[in-house]
Structure formats: C-alpha cells, structure tokens
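# Working through the structure, step by step
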2 protein chains.
Amino acid sequence: MVTPESSTVLALAGGVGGAKLVFGLARCLPPGDLVICVNTGDDETFHGLHVSPDLDTMMYTLSGLSNQETGWGVAGDTFTALEMLGKFGVDTWFNLGDRDFATHIRRSQLLAEGKTLSEVILELNRSLGVFHSVIPMSNDPVKTVLSTDEGELPMQRYFVGRRAEPKVFEIRYVGVENATPAPGLLDSLAKCGMLVLCPSNPYLSLGPILALPGVRQLMRDFSGKKVCVSPIVGGDAVKGPAGKIMAELGKQVSCVEVAREYRDICDVFVMDNEDQDLVSEIEELGLTPLVTSIIMETEEDKIALAREILALAD
Amino acid sequence: MVTPESSTVLALAGGVGGAKLVFGLARCLPPGDLVICVNTGDDETFHGLHVSPDLDTMMYTLSGLSNQETGWGVAGDTFTALEMLGKFGVDTWFNLGDRDFATHIRRSQLLAEGKTLSEVILELNRSLGVFHSVIPMSNDPVKTVLSTDEGELPMQRYFVGRRAEPKVFEIRYVGVENATPAPGLLDSLAKCGMLVLCPSNPYLSLGPILALPGVRQLMRDFSGKKVCVSPIVGGDAVKGPAGKIMAELGKQVSCVEVAREYRDICDVFVMDNEDQDLVSEIEELGLTPLVTSIIMETEEDKIALAREILALAD
C-alpha cells in the first residue's frame, strides 16, 4: 500500500559526489518531494566568518553556480578579497572566492542575528532559486577531527590545507553526542518514502550525520526503501580520499566495505558495472545489488542514475 | 623655548580633504612625529561587518591604495562580493569593493576577538606599510545623525544613500557624551607641538571629534601652535556638502564662518588666495590669516601646503 508520502525522498549527502546525485534527484522530483540533509562536520570559521563547505557545494550545485572543474566554490569566481586579506598578514591557505565570501558574510550576519543554521540555509538557497529543501544535519556544532601522523587535524586543515596527505589513524566527530539532529532530518526519517545515501565519503561526509544521537536507529527503523550508492568504484574512491583513508584504517578498499558499513541501514546497494564481480559479496551481506553506471560525468548521467534509483520505489 | 616634542604634530581629519593634507604631512614628517586622529562618527555596520569610512580613506590614502577618482575605496577594486550579496536579496546601496570587504572582514574579526578599534587600526595600517600613527577618535561608538526633511538619517545613509540631498536641520553625535577619547588623542593633545585641523567638514567630520568629553577644552589649553585649514573656498566646500549644510543651518557659507567655529582653538587660519578679501574678517576674529593655495590637486600641492603649515612651528 502506498502511504501519502511514499513518493518523497530523503537524501543524505556530503561533498561533490553527493551533490552530483542530488542534482539528478532534484531534476526528477518536485521541490516538495525531496529533502537533502547535508554534513556540517566540515564547517569552519575563516576570518571570523562561518563557512559551510558541503552546504555551499550543494547550494551552488543546485543553483547552477558551482565550479565543476574544481569541485568547490562558484564558477568564474575571483579572489580579490582573499588577496587583500593576505596583505593584512592573514593566513589564506583556504581558498575563498569573492562570490563565496558573500555567502559566508551573509550566513554569518544572519547567524549573529540569532537565526539557526537551518533558517539561514533555507533563506540563502531560496535567494538563489533553490526550492528543494536543503537542510544542515544539525544546528549544533559538530567538528570532524582526524588523528593523523601529523597530529589532530580538523577536516578542512587535513583535506585542503594538507591535501589529505597525512596518514589517518582515527576519525572523531567532536560534539556529536550533544548535537540535536535538525528538525527536518527527524521529520523526514519519519515520513519519507525513500532514503538515499549518496555517494559521499562514508567517514568524512556521511559519518557525522549517522553519528547524530538517534539517527542511525531511526534509519534502521525507516519504513521505506533504503538505497545506498557506492562512493567506491573498482578499488578507489571516484573522487577524494575515501579509498586512501579506508586503507589507512585497515579496511578493504572496495564497495563491499561500504556495503558492510551500511548493511543495517541499506536495502539496495547501487554499485558500478566495473564491480560486477563483487555482486555475490554484496548479496552475502543481505543487500540487494543494483549494478549500473554510477560515475556521473554529465548532467544526463546524474539524471539517469537518479531515475534508476527512484524507480526502486515501485 | 623649544620643548622636546615641539616638532610633533597632531592632525585631526575626516574624509577626503583631510586625508589629502595628511598625505602631505606624512611626506614631510617621520612616523614618530605625526599622529592622525580620525573621525569615527560615520562608522556603520554593513552586512554584519564594521565599516569605518574615514579611517579607511586615511589608510588607503597613506598606503597609496586609494581610489583618487571616487574619493573612497581602493583603486581598481572589483565588486563581485557585493553583486553576490545582491543575489541574496540584501540591500547593497553602500558600495563596498572586494578589497575593501577584506578590510571590513579583518577589522570585524579582530574586534570580535576583543581588540579595541585603536589596536585594530594600528594593525591594519602597519600591514599596509603605514607607520605614521593613525588613531580613531574613540574606541567607543559615536553616531553622527542628521535631522533632515526626510527624517533622522545616519551619516552614510544621508551622504551616500541620499547623496546629501535632504535638507539638514540639526546634527547630533549620538553617544558622544559617553565616549572616551582615544588614549592617543589625549596624549597627543598634552604633548604635541602643533595641532592641525585639516580641511574636513566642520560638522560631519571634525564636529564629532571636538564634541568628545574634554577634547575641546584640551585644545583651548593646547600649548603649541594651532592651525586650521579651511574646507571652504570662495563660498562653497572644496568637496562634499559642507557648504550646503552651512546654508541650511542658517550660517554664512564662507571660510569666515569656519574660522568663527574654531576661533577658540585656532591661532593661524589657512585660507585660499581666492578669499584674500576676507583677511580682515579673519583678523577681526583674533586669528592670524595665512593666505595661500589650499586646493590640493597633485601630490606636490599636498606636500607644499604641508610644508607651509609645518613652517609655522618656528
């Protein structure tokens, strides 16, 4: 029997890979039928401004402003303000363009006025014509910190500042035990008809969301279809350091390992044609494999994969 | 008898005209011999950032970064961040360039960290290679508000937002009675050998400084030479709305009126050749007129006028 909201989808996402699939989902679903919950474990304060890298990647992607070459920031952005900040003797290792600065200035202003991050993200997205619901995982601060051979590094310092080169021993989500999941996340877990774990880094992007108090249990209890798209294809991450980190943490670098991480919160595991030979291993974990092309290069790729996923609802 | 610090100069200044003369003074005096006290009655919060228009005009002028065509901002600045803020539905009537934004971002960050405006201005100026002492008139907020035929308008809203068009009835410096003069201002009034009132708007630029508790009396008691350079030449302001405001306040639009405003805190009144016929009126006020060319168009003009003023110390 189809419940009233069975056509609605909750997507969990982190950075670039997740945003690609969400772009496809947003092309297939009307705004009211898609909630996108985004990692905020990477949020940082730069130059006194609140920066939300994953939320902004999502906003820029959905509004058509994203720089698809770099994977971050706004296409065609300039770096005049950052250059001037450098003249003030400030460390400018984290690239922030002028348009991007406007986002951080506006977000920081609204937060200082007492709005929650949820309210701010809603307003910013609406202003840029994004009407699908983009929500932060929590309005409380959670900080992803990596224990590495160069010491403790917050996510952006590790990922951007040190180009993900240090060896990772452990990953912690500082503050997560005291963070309340965003209201929209709990609502969606109760009401949506499908849950999609986008192809994002399991430890750095989706890990913080899943570690929020009560969230993983609500996902286990989720009544609709649970779909996970692998961020790993043929022994490495499609993009980013997920594969490297998996190896450093002593895990198998394969989509099977991702399926193992998510086995309690996943019904259908979407994997690439290249990993066809691993189908039986996925099945052994009790998941239903869907083998297809999951490397999204063009807009058409993103929409096609989204369609295949949404078809699983029937 | 020459006191040890008789060669030191305290200059009071507001916007563009004042900055021109200070540029000349700074070319003639070593950093340790010049203190520049700048109006902060125009300071405003834009997009959650603390903006100090007169302090920045001074910093950009002394560092060689100023936009001499517009009289505000940084030469060759771009407006990418402001344009993006417009997309967020923000009112962007106050022009802020990308380089200028960096100044406001950095200032706001340092203020939020607990530094005083004096400390912040020192740091910003040093970073841009300005070693003469630029100080705000006070670290406490003072807000210049104009009562006009369009209601109460803060200075920037009147001057930039409404292009100084509304008719002015009264000018108030809100908060001035509770503001403490910056430490450097009081020190300099006690120790410097010369006081220079730069050619700035008497009501909007120097008025707030003179209204600080105790400052005018310290200026009356100032032991060194007191020099004022007229911002009015031949019946109008060299730049800006000073002449218009004087007329609206029922005053005579002439350098004589400026001399009258400052008669208790001025020994030598520097006026333009064009106003030669007003010399006797200045003398009648008890001031010594110095008639010369005070319209500073080139760097040479600025330095020449500064030299003439500094020669008065002997």
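In this text the structure is predicted, and so the values were computed from the model without any measurement.

Residues and elements named next belong to chain A. Taken together, the three strands give an open sheet; going across it, the order is β7-β6-β8, and neighbouring strands pair in antiparallel fashion. Edge strands, defined here as strands with exactly one partner in the open sheet, are β7 (151–154) and β8 (168–174). Looking at each pair of strands side by side, their axes are set apart by 25° on average, direction ignored. Bridge analysis of strand β6 (residues 143–148) against β7 gives four bridges, and the strand direction is antiparallel. Looking across to β7, one finds that T148 is bridged to G151.

Now for the relation of the copies chain A and chain B. Aligned on chain B, chain A shows an RMSD of 0.0 Å; the corresponding rotation is 180° and the shift along the axis is 0.0 Å. Both chain copies can therefore be described as sitting about a two-fold axis. By C-alpha distance to the rotation axis, the residue of chain A lying nearest is D98(A), at 3.3 Å. Interface residue correspondence from chain A to chain B reaches 100%, placing this contact among same-surface, isologous pairings.

Okay, the interface of chain A and chain B next. At the interface, 24 residues of chain A touch 24 residues of chain B. Only α3 (80–87), α4 (98–112) and α5 (117–127) of chain A provide two or more residues apiece to the side of chain A that touches chain B. Partitioning the side of chain A that touches chain B into residue classes produces 12 nonpolar, eight polar and four charged.

The next thing to look at is helix α1 (residues 16–28) of chain B. All names here are of chain B. Given a rise of 1.5 Å per residue, 13 residues ought to cover 18 Å, and the 19 Å separating the end C-alpha atoms of α1 matches this to within 8%. Among the 13 residues of α1, 10 are classified as buried, and the element is accordingly described as predominantly covered. Residues of α1 that are buried make contact with β1 (9–13), β2 (34–38), α2 (53–62), β10 (225–229) and α13 (299–311).

As a further point, take the pairing of strand β9 (residues 194–197) of chain B. Looking along a regular strand, one sees the side chains alternate between the two faces of the sheet. Residues and elements named next belong to chain B. Burial along β9 is two-sided: the face carrying M194 and V196 and the face carrying L195 and L197 are both buried. Where β1 and β9 come together, four bridges link them in parallel fashion. In the strand pairing of β9, V9 is matched with M194. Here four bridges tie β9 to β10, and the two strands are oriented parallel to one another. When the bridges of β10 are listed, L197 appears paired with C228.

Attention now goes to the pairing of strand β13 (residues 268–272) of chain A. Residues and elements named next belong to chain A. Burial analysis of β13 places four of its five residues in the buried class, the great majority of the element. Here β13 pairs with strand β14 (residues 288–292) via five bridges, running parallel. Bridging across to β14, D272 finds its partner in T292. Where the polypeptide runs from β13 across helix α12 (residues 279–284) and back to β14, its parallel neighbour, the crossover connection is right-handed.

So, on to the domain arrangement of chain A. All names here are of chain A. Domains assigned within chain A are domain 1 (9–142 + 174–311) and domain 2 (143–173). Taking only C-alpha atoms into account, the centre of domain 1 sits 19 Å from that of domain 2. The interface of domain 1 with domain 2 comprises 21 residues on the first partner and 14 residues on the second. Where the side of domain 1 that touches domain 2 is concerned, the elements lending two or more residues are α8 (207–210) and α10 (242–248).

Turning our attention to the sheet that holds strand β6 (residues 143–148) of chain B. Residues and elements named next belong to chain B. Reading across the sheet, the three strands line up as β7-β6-β8 and stay open at both edges, with antiparallel pairing between neighbours. On the outer flanks of this sheet lie β7 (151–154) and β8 (168–174), each paired with one strand and no other. Put simply, the sheet's adjacent strands are angled 25° from each other on average, direction ignored.

Here the focus is unusual backbone geometry. Positive phi, close to 50°, is recorded for R163(A), a residue that is not glycine. Positionally, R163(A) belongs in the loop between α6 (155–161) and β8. On the neighbour-count criterion, R163(A) (9 C-beta atoms within 10 Å) is exposed. Positive phi, normally seen in glycine, also occurs at A164(B), with a value near 60°. The residue A164(B) is located in the loop between α6 (155–161) and β8 in this model.

Conventions adopted
- Residues numbered from 1 in each chain as written.
- Chains lettered and ligands numbered in written order.
- Predicted model: local features only at pLDDT ≥ 70, side-chain atom pairs only at ≥ 80, totals over all residues.
- Pairing = 2+ DSSP bridges.
- Helix = DSSP H or I, 4+ residues; strand = E, 2+ residues; numbered from the N terminus.
- Axes fitted to C-alpha atoms, helices over the stretch in contact; angles between N-to-C directions.
- Least-squares fit on C-alpha atoms with pLDDT ≥ 70 in both.
- Contact = placed C-beta atoms within 7 Å.
- Nonpolar A, V, L, I, M, F, W, Y, C, P; charged D, E, K, R; others polar.
- Expected span 1.5 Å × (residues − 1).
- Buried ≥ 20, exposed ≤ 12 C-beta atoms within 10 Å, placed from the backbone.
- Right-handed = clockwise from strand over helix to strand, strands pointing away.
- Domains from an automatic or database assignment.

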